[in-house]
Amino acid sequence: MVLDVGRAFQVTRIKIECCGDERFVNARRVNPTNFFAELKRRNVYKVGVAYAVVAWLVIQAASIFLPAFDAPPWVMKAFIMIIAVCFPVALVLSWAFEITPEGIKLESEVAPNESIRRRTGRKIVGITVVLAVIAAGLLAFNLFRTKPTTPPTTAALITNKSVAVLAFANLSDDKGSEYFSDGISEELLTVLQKIPGLHVAARTSAFSFKGKNATAQEIGQKLGVAHLVEGSVRKAGDIVRIAARLTRTDTGEQLWSENFTRDLKDVFAVQTELAQTIVGQVGGQLTNDAANPAAKAAIQAEVRAAERGGTKNVEAHQHYLQGRFYSNRSSEKSAGEAVVEYQRAVELDPSFALAWAGLAQTHVWYCGYSSAIGRAGFDDHLARAREAAARALAIEPNLPEALLVRSKIQLNFDFDWNGAAETVRSALALAPADPALVTAAGTLALARGDTTRAIELYRQAVALDPVNPSPRAWLAFILGVTGRLAEARAEYPRVVELNPAAPWSHAGLGLAFMVKGKFDEAAVAAQDDAAEWARLLVVAMARWSQKRIPEADAALARLTEGFADTAAYQIAQVYAYRGDKDRAFEWLERARRQRDGSLGFMRCDPFLANLHEDQRWDVFLRKMGLADDQLK
């Protein structure tokens, strides 16, 4: 149909093409001066108003229901654009056509005495009023309903007895001495974390402000602390100059400052004095008794207890600080450098428990994250981690850093769930605000199948250390695989921002899409992941669900060929998802023999659901120590 409007709207000719035939029908003449009256007569105004009301009603409904189906934002935008484009079409149709008892006809074909436009107009008005009332109700519901909110995963509420130790500035001429300035502030932070009743911002979060020009108020709000410790270190030969100050975050008021110039061998005494002063200053804000001799003695005892595991050997201490500096970078190259420095530290002082714990932690890092060590390398690093952790605990049985490493070995490689639970419990009693320990507790909850408790603990870990990607990645992952896609999609961009190269930063979101049956979105999301094995896992399952079998088989073949020694659990996931139970159990057994840390997740894994009714499932759970009676 083509509308041919005559000049000045005096003659409307309608060309109709149907089955190859053409005919023109002259509509009744419209006087230009009465054009707007004609719009009214043909109910164009009423149709326009009715269309607007219906459009508003539909948009309100869409704003409520589309999020419930996890529709991406572009769907709503496209929906609104379609509604807007159709508006002039509705007006043209209202002008050209009329509803009659015999059906819809061209306006030119309806005789004036047969027209029921007036009656139709009244009906349109009535329907419009009803729809307007419904639209107003939906609008009110949308405005005032209690919307689901994601529980806060930012820093804890600010309490007065709280502090953050920022990275001390390196003022040495040798810029390579940054390890020393970082180490001084990090050791101070570690000591303060062990003081009972004192909330200390985690290292990753506190050091995230390094080199940034943030105000005390901004840092205090983001880290949830009432005080800041800032400072600088200048090292020249054997002389060290340390400047430190304590500031209130709400007002920026400087409460205390001190400058120390000491021989390098006296740096330990300076650190002790700094810790005691800060504990006294922050504690005194509440008790007003920091100057009391008994209070001073109590503070000194607390600080001495928190400093256990250290050394008085200056050279060993410097190697230890360098080891921590490298290990904090969490890369293959830096891990190798950290092992060298820690090893040198314990050679210089075999009783240096913290250095032994650092060495053990680095070997555990290799077992969990390195893709280059192979099976023999894995076994070697695990054996060295056991030995170093045992040495640290033999020297200091209650050293939280060493207990953390032992819990990781028990949890991820020995599958000793009860032993890990006891170790984590002991460590948390000594360092309750350690986000790594809280994260370990969350992983234990997963092993027990308690996803609610796991999510709660991961949220606590994120609150303790908001810019640490590890606990946030765990939180996002478990939200996704338990079907809470909207919350997972809110967390994953932050994970990517904090550490785009970490495994699961993108593939984890892909698994979340898989759980919701959004297979194409899953494959696309996983493509940017830094870990090839994680990408292949998602693609192998997503393309299988889409009946794109060659692509799925190719991804599984590549996963098996390249990562059989390090991703046996993921291969088992693919076979279980396909319904190939025999191959799935074969690969689960191989994962057990290879000490695959992912096995602790199996009771909560939605991709192993096909195995639950098989009698071999309970048998394997018992072999893993994951049966309920073994977890009591």
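What counts as what
- Residues numbered from 1 in each chain as written.
- Predicted model: local features only at pLDDT ≥ 70, side-chain atom pairs only at ≥ 80, totals over all residues.
- Heavy atoms only, no water.
- Salt bridge = Lys/Arg side-chain N within 4 Å of Asp/Glu carboxyl O.
- Buried < 20%, exposed > 50% of the residue type's maximum accessible area, 1.4 Å probe, protein only.
- Helix = DSSP H or I, 4+ residues; strand = E, 2+ residues; numbered from the N terminus.
- Expected span 1.5 Å × (residues − 1).
- Contact = heavy atoms within 4.5 Å.
- Core = buried A, V, L, I, M, F, W, Y, C linked by side-chain atoms within 4.5 Å.
- Pairing = 2+ DSSP bridges.
- Lys, Arg positive; Asp, Glu negative; His and termini not counted.
- Polar contact = N/O pair within 3.5 Å; in protein donor to acceptor, adjacent residues only side chain to side chain.
- Phe/Tyr/Trp six-rings, centres within 6.5 Å; stacked < 30°, edge-to-face > 60°.

Summed over all chains, the structure comprises 27 salt bridges. We note a salt bridge from Arg548 to Glu551, for which the minimum N-O separation is 2.8 Å. Looking at Arg548, the relative accessible area reads 31%, which means it is partly exposed. With its nearest N and O atoms 2.8 Å apart, the salt bridge here joins Arg578 to Asp553. Linking Arg578 in helix α24 (residues 568-578) with Asp553 in helix α23 (residues 549-563), this pair joins segments that are 25 residues apart in sequence. Of the residues examined, Asp553 reaches a relative accessible area of 35% and is grouped as partly exposed. Here the residues in one salt-bridge network are Asp520, Arg543, Arg548 and Glu551, joined through shared partners.

With that out of the way, let us pick up helix α22 (residues 532-545). Helical periodicity: at 3.6 residues per turn, an α-helix aligns residues three or four positions apart in one direction. Given a rise of 1.5 Å per residue, 14 residues ought to cover 20 Å, and the 20 Å separating the end C-alpha atoms of α22 matches this to within 8%. Residues of α22 that are buried: Ala534, Leu536, Leu537, Val538, Val539, Ala540, Met541, Ala542 and Arg543. For α22, the elements touching its buried residues are α20 (507-515), α21 (519-526), α23 and α24.

The nonpolar side chains of a soluble globular protein tend to be buried with one another. Membership of the largest hydrophobic core comes to 85 residues, with the highest contact counts inside it found for Phe168, Phe180, Leu188, Leu192 and Ile242. Counting residues in hydrophobic clusters, the runner-up holds 81 residues, among them Ala420, Ala476, Trp504 and Val538.

Bridge count between strand β9 (residues 225-236) and strand β10 (residues 239-248): ten bridges; the pairing is antiparallel. By the bridge assignment, Val233 is partnered in β10 with Ile242. Adjacent in sequence and paired antiparallel, β9 and β10 are bridged by two residues, among which Gly237 carries a positive phi angle near 65 degrees. As paired elements, β10 and strand β11 (residues 254-263) share nine bridges and run antiparallel to each other. Residue pairing for β11: Val240 is matched across the bridge by Arg262.

So, on to the side chain of Glu341. Along the polypeptide, Glu341 turns up in helix α11 (residues 332-348). For the buried Glu341, no salt bridge is present, and the opposite-charge side chain at shortest range is Arg344, 7.6 Å distant. Separated by 2.7 Å, the side chains of Glu341 and His319 make a polar contact. When neighbours within four sequence positions are excluded, Glu341 is seen to be in contact with His319, Gln322, Gly323 and Tyr326.

Note on placement: Glu532 falls in helix α22. Residue classification places Glu532 among the partly exposed positions, given a relative accessible area of 27%. For the pair Glu532 and Leu559, spaced 27 residues apart in sequence, the C-alpha to C-alpha distance is 8.3 Å. Those residues in contact with Glu532 that lie beyond four places of it in its chain are Arg558 and Phe563.

On to the packing of aromatic side chains. By the definition in use, this model includes twelve aromatic pairs. On the basis of an interplanar angle of 50 degrees and a centroid distance of 6.0 Å, the ring pair of Tyr320 and Tyr342 is categorised as tilted. With a gap of 22 residues between them, Tyr320 in helix α10 (residues 314-327) and Tyr342 in helix α11 connect regions that are remote in the sequence. Both residues of the pair, Tyr320 and Tyr342, count as buried. Their ring planes at 50 degrees and their centres at 5.7 Å tell us that Phe477 and Trp504 sit as a pair that is tilted. Of this pair, Phe477 sits in helix α18 (residues 469-481) while Trp504 is found in the loop between α19 (485-498) and α20, placing the two residues 27 residues apart along the sequence. Of the two residues, Phe477 and Trp504, both sit in the buried class. Through pairs of rings, three or more aromatic residues link up here, namely Tyr458, Trp474, Phe477, Trp504, Trp533 and Phe601.

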